[in-house]
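# Structural overview
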Amino acid sequence: MPTIKSKISTGGLTALFLFIAPAVFAQATITVNADKPGHPVSPLLWGIFFEDINLSADGGIYPELVRNRSFEDATQPEHWRLLKATNDGSSMAIDSSEPINPVNHRSLRVHVDGAFTLENEGYWGMNILQGDGYALKFAARATSGFDGPLKVRLVGATGTELAQGEISGLDGQWKYYSLDLVALGSDPKAKLQISASGKGALFFDMVSLMPKKTWQGHGLRVDLAESLAALHPSFMRFPGGNWVEGDDREHMYLWKSTIGDVAARIPLWNTWGYNTTQGLGFFEYLQLCEDLGAEPLFCINVGMTLHDSVPLDQMGSWIQDALDAIEYANGPTNSPWGSLRAKAGHPAPFHLRYMEIGNENGGPDYRQRWPLLVNAIREKYPYVRLIVNSDLRGRPYPTNPEPDIVDEHYYESPESFMWRAGQYDDYDRNGPKIFVGEYAVTENAGKGNLHAALGEAAFMTGMERNSDVVVMASYAPLFVNLNHRAWNPDLINFDSSRWYGLPSYYVQQMFSANRGDVTLPTSVTAPPVNPRTESGAFGVGTWKTQAEFKDIRVVAPDGTILFASDFSTNSDGWRLSGNGAWQVANGALCQSSGNENVRATAGDKSWTDYTLTLKARKLGGSEGFLILFHANDDLAKNWWNIGGWGNSSHAIELDNHIITRTPGHVETGRWYDIRVEAKGSRVRCYLDGQLVHELDSPPLKALFASATHDSKTGDLILKVVNVSANPINTEINLRGVRDLTNSGKAIVLTANSPEDENSPDDPGKVSPRSDSFSFQGDRLQWMFPANSVTVLRLIGK
Ligand code: AHR
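Residues numbered from 1 in each chain as written. Predicted model: local features only at pLDDT ≥ 70, side-chain atom pairs only at ≥ 80, totals over all residues. Heavy atoms only, no water.

## Side note on the overall build of the protein chain
Counting its secondary structure elements, the protein chain contains 10 helices and 52 strands. The C-alpha atoms of the protein chain give 30 Å as radius of gyration, which agrees with the globular expectation for 797 residues (28 Å, within 12%). In terms of principal-axis extent, the alpha carbons of the protein chain reach across some 90 × 75 × 60 Å. Counting the 797 residues in the protein chain, one finds 59% classified as buried. Partitioning the intrachain contacts of the protein chain with sequence separation of at least 6 by distance along the chain shows that 73% fall at a separation of at least 24. For the protein chain, the exposed surface amounts to about 30,000 Å²; the carbon and sulfur share of it is 49%. Between the mean site of the 70 positive side-chain charges and the mean site of the 91 negative ones, the protein chain shows a separation of 3 Å. (Helix = DSSP H or I, 4+ residues; strand = E, 2+ residues; numbered from the N terminus. Rg over C-alpha atoms; globule rule 2.2 N^0.38 Å. Buried < 20%, exposed > 50% of the residue type's maximum accessible area, 1.4 Å probe, protein only. Contact = heavy atoms within 4.5 Å. Areas by Shrake-Rupley, 256 points an atom, 1.4 Å probe, with all protein chains shown as cover. Lys, Arg positive; Asp, Glu negative; His and termini not counted. Charge placed at Lys NZ, Arg CZ, Asp CG, Glu CD.)

Quick look at the structure:
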């Protein structure tokens, strides 16, 4: 009979949180070799990646409440409204005749003719809190007899006055004016209003409203900074991502435009769809790292944008920028750049020791630019550890000079991550260290569900187990303003006044708060689980190749024709994705672009067993054909890759994972007969009538685990992920364990359904519950709930 030591109720969800007596039949075994400690756990293992994406800086952690404060966003005064009576002649426009400084080109001109009110609602409302102080500041000048006064008000969404004050004494010169406001009421959707009446012209710039309360007094939004601190990050990579690269040469991230007086920082269009003020600049990022106790990791532009590169003979200033960034962060206060850091309020060095050279760059341009920065940095700052990009296309990274660390990025399905839990077991122990700088489940993840978090957690057990190789890892992206989602999912979701974490947030926190410093070799025997949906649509595609496809038929086992292509006139019924150039010609569907990962899919997600037949002909390019089957998402990488890897092999890839691969290639200009039989987990693939692959897609294990020892507390920490839909009764053997008390703490993340998500109105729906338990000796029997992540912390003496 099971002895239930602990059962907790979690608001409607009765958690399966069971410690049971050894007599019950165990379905799985976990053995922790406590007497054979392995390698140290990298102390930097769990960190964060802060990219300015999804309005995570402006409109997010940088708490400026006014949007478009310097009027640089556009040639129209975006985010500003002029309210006036209909018969008043006042108007507003962007003016560039007399800038407040040479880099801040635009200001706002109000032609005053009667009574007017200027209004700004910030980023979908300003969060004003009763009793809190707000600092209003702007630069203004007036001409043609207008001298104010200006009435400043904070009003709620329905017009209730929350605070007010007055500014007067304007004249013809640019001057700053300021006002301290204390709110009499609260409203998360408040607005700023500036009103006056008279005749003349009035000019504004740098109109700013900042909360006086900021995190650690260092100018950041308190709740969002606290959400980062609660992750206990040991490093912070910043400020991007694609944002570092920028769309083109005009829009690359250059840190020198982000320091000093905020009015003189150069606002920049962000590739994620908005203008940035650079209020969160290089200094503020370094300060945030220090306040979080996180090692700063600066990702610097390597002279490459998302679309082109700086000519090699102009790379001098990029090399100098890298050297100057280190001097700014670490140099003495009498050095040119170190003195600017001191002037900004931080004479002590920030200890920048990690720098990544570019983001997701690759190919010949990267190979040429990598040594330029690396050689210069190593000569002057040999202590800085340099990180190379391994680009998303999997091209080899530059090794001359050798990198210290390689940055890998993964955005995939939950199952891909479960497969990847074992990938570092085989990595070269003498090769460079690995930084998994960006990873997240992005397929079948909803807006961030428990299933996604389970995939990441399974992968994290593999990273922890191999943390002699994987020295750092960070989920991506970190933040999203719920009103501007440029990427999905994102770890921390917020609006003007609230935030909530995804289930993935809690996984990050559970791993980070329970690290340990030495790994304990752990083995798992567990029942198989096959979470793959053996159903889905079909399709055709190409990778850097031009090809045509015709006579496509999908037939059910009973002979029913589910689909028969008709390319006599058009491609109706096909979903085209990727950057392809598709057209219908001569009764075939033809793809003529040279891009990667181009697909056309059709059919239904619910289709299970079927036979897909078609003819395909390669017209040019470097590979062969992609034949999709059981694609339960249009982005899913479930395909037969014919002539992949530079036309060297054929492979079945499921959930982005190579299941089987064999040498093979395709000829250009020849029609091939292709046949894929998909039945349950069994797949047979035929090329010109020859069977090339036959397999049962291998099942995943239901449990993933890793264990560590914390030498400070003496605790043994076991992390277990159950990805199956059933609770699993598990025997845990603690081999050679000594010096443990008989008490433990269990932290469990689960929910009623793997599809469950958190939301602004139910932020804790999928969040961890903790309880304590007691045990005896070196064996425990534990019921791991279905779809769960569990940390068992066995307390040391
Ligand atoms: O994390 C979002 C984006 O994904 C990053 O900007 C980029 O580096 C990656 O491809």
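## A few points about the site of the ligand
In the vicinity of the ligand, the contacting residues are Glu51, Gly241, Asn242, Trp272, Asn359, Glu360, Leu392, Tyr411, Glu438, Ala476, Pro477 and Trp487. At 2.6 Å from an oxygen atom of the ligand is found a side-chain nitrogen or oxygen belonging to Glu51. Interatomic distance of 3.0 Å between a side-chain N/O atom of Asn359 and an oxygen atom of the ligand. When isolated, the ligand has an accessible area of 280 Å², and the protein chains bury 97% of it. Across the shell around the ligand, the residue classes break down as six nonpolar, three polar and three charged. (Near = heavy atom within 4 Å. Polar contact = N/O pair within 3.5 Å; in protein donor to acceptor, adjacent residues only side chain to side chain. Nonpolar A, V, L, I, M, F, W, Y, C, P; charged D, E, K, R; others polar.)

## Some remarks on the layout of surface pockets
Each pocket or cavity is described by its volume, and for the second largest pocket that value is around 550 Å³. In terms of lining, the second largest pocket is formed by 22 residues, of which the most central are Tyr62, Arg69, Ser208, Met210 and Val262. Of all elements in the fold, only β10 (133–143), β13 (175–182) and β14 (187–211) reach the threshold of two or more residues within the lining of the second largest pocket. With four residues, the single largest contributor to the lining of the second largest pocket is β14. For the lining of the second largest pocket, the per-class residue count stands at 10 nonpolar, six polar and six charged. (1 Å grid on protein atoms, 1.4 Å probe; cavity = no way out; pocket = protein on both sides within 12 Å on 5 of 7 lines; lining within 4 Å. Points joined across faces, edges and corners; volume = space filled by probe spheres on them.)

## Remarks on the sheet that holds strand β36 (residues 598–602)
Strand order across the open sheet formed by seven strands is β33-β36-β30-β38-β39-β40-β41, with antiparallel pairing between neighbours. The sheet is open, and its two edges are formed by β33 (575–577) and β41 (657–663), each paired on a single side. Averaged over all neighbouring strand pairs, the angle between strand axes comes to 15°, with direction disregarded. Where strand β30 (residues 537–542) and strand β38 (residues 625–631) come together, four bridges link them in antiparallel fashion. Each bridged residue has a counterpart across the sheet, and for Gly539 the counterpart in β38 is Leu628. (Pairing = 2+ DSSP bridges. Axes fitted to C-alpha atoms, helices over the stretch in contact; angles between N-to-C directions.)

## Quick notes on the packing of aromatic side chains
In this structure the tally under the stated criterion is 43 aromatic pairs. Seen from their ring centres, Trp255 and Trp337 are 5.3 Å apart, and the 65° between their planes marks the pair as edge-to-face. Here Trp255 is found in the loop between α2 (242–245) and β16 (268–270), whereas its partner Trp337 is found in helix α5 (residues 336–343), with 82 residues between them in sequence. When its relative accessible area of 2% is taken as the criterion, Trp255 is described as buried. With 6.5 Å between their ring centres and 75° between their planes, Trp543 and Trp639 make a pair best called edge-to-face. Here Trp543, found in the loop between β30 and β31 (545–555), pairs with Trp639, found in strand β39 (residues 639–643); they are 96 residues apart in sequence, far enough to count as distant. For Trp639, a relative accessible area of 2% translates into the label buried. One aromatic cluster in this structure is built from Phe50, Phe238, Trp255, Phe282, Tyr285, Phe298, Tyr328, Trp337, Phe479 and Phe494. (Phe/Tyr/Trp six-rings, centres within 6.5 Å; stacked < 30°, edge-to-face > 60°.)

## Quick look at the packing of helix α8 (residues 450–465) against helix α9 (residues 503–512)
For the pair α8 and α9, interaxial distance at closest approach is 8 Å and the crossing angle is 25°. Judged on the interaxial angle alone, α9 and α8 are roughly parallel. Our pair here, α8 against α9, has a crossing hand that is right-handed. From α8, Leu450, Ala453, Glu456, Ala457, Met460, Thr461 and Glu464 reach across to α9, where they touch Pro503, Ser504, Val507, Gln508 and Phe511. Per-class residue counts for the contact of α8 with α9 are seven nonpolar, three polar and two charged. (Parallel < 35°, antiparallel > 145°, perpendicular 65-115°, else oblique. Left-handed = near helix turned anticlockwise from the far one by under 90°.)

## A look at the sheet that holds strand β26 (residues 499–501)
As summarised here, the arrangement of the three strands in space is β24-β25-β26, forming an open sheet in which the pairing is mixed. The sheet is open, and its two borders are formed by β24 (479–481) and β26, each paired with just one other strand. For this sheet, the mean angle separating the axes of adjacent strands, direction not counted, is 20°. Where strand β25 (residues 492–494) lies against β26, three bridges are found, and the strand directions are antiparallel. Bridging from a neighbouring strand, Ile492 pairs with Gly501 of β26.

## Digging into the pairing of strand β49 (residues 740–749)
Of the pairings in the sheet, the one linking β49 to strand β52 (residues 788–796) comprises seven bridges and is antiparallel in character. Of the residues in β52, the one forming a bridge with Lys745 is Arg793. Both β49 and strand β50 (residues 769–774) contribute to a ladder of six bridges, which runs antiparallel. Note that in β50 the partner of Ser743 across the bridge is Ser774.

## Quick word on the nonpolar core
Core analysis: the biggest nonpolar cluster contains 144 residues, and Phe50, Met355, Ile357 and Ile377 have the highest contact counts within it. For this core, the element with the most residues is α8, which contributes nine residues. Ignoring sequence-local partners within four residues, the contact set of Ile377 consists of Ala322, Leu323, Ile326, Met355, Ile357, Pro382, Val384 and Leu386. Grouped together as the second largest cluster of nonpolar side chains are 38 residues, Leu162, Leu181, Ala183 and Ile194 included. (Core = buried A, V, L, I, M, F, W, Y, C linked by side-chain atoms within 4.5 Å.)

## Topic: α9
Counting buried residues along α9, 10 of its 10 residues qualify, which places the element largely inside the surrounding structure. Every buried residue of α9 is accounted for by Pro503, Ser504, Tyr505, Tyr506, Val507, Gln508, Gln509, Met510, Phe511 and Ser512.

## What to know about the environment of Gly594
By the secondary structure assignment, Gly594 is in the loop between β35 (588–591) and β36. Given a relative accessible area of 42%, Gly594 falls into the partly exposed group. In this structure Gly594 touches Lys544, Thr545 and Gln546, once residues within four positions along its chain are discounted.

## Considering the pattern of salt bridges
On inspection of all chains with the given rule, the structure shows 40 salt bridges. The partner of Arg249 in a salt bridge is Asp308, and the shortest N-O contact between them spans 4.0 Å. Of this pair, Arg249 sits in the loop between α2 and β16 while Asp308 sits in the loop between β18 (295–300) and α4 (316–330), and the two are 59 residues apart along the sequence. Taking the relative accessible area as the measure of exposure, Arg249 reaches 37% and is therefore partly exposed. The salt bridge involving Asp715 is made with Arg793; its shortest N-O contact spans 2.8 Å. In this pair, Asp715 is assigned in the loop between β46 (703–709) and β47 (716–722) and Arg793 in strand β52, connecting sequence segments 78 residues apart. For Asp715, a relative accessible area of 6% translates into the label buried. Connected through shared salt-bridge partners, Arg675, Glu677, Arg682, Arg684 and Glu694 make up one network. (Salt bridge = Lys/Arg side-chain N within 4 Å of Asp/Glu carboxyl O.)

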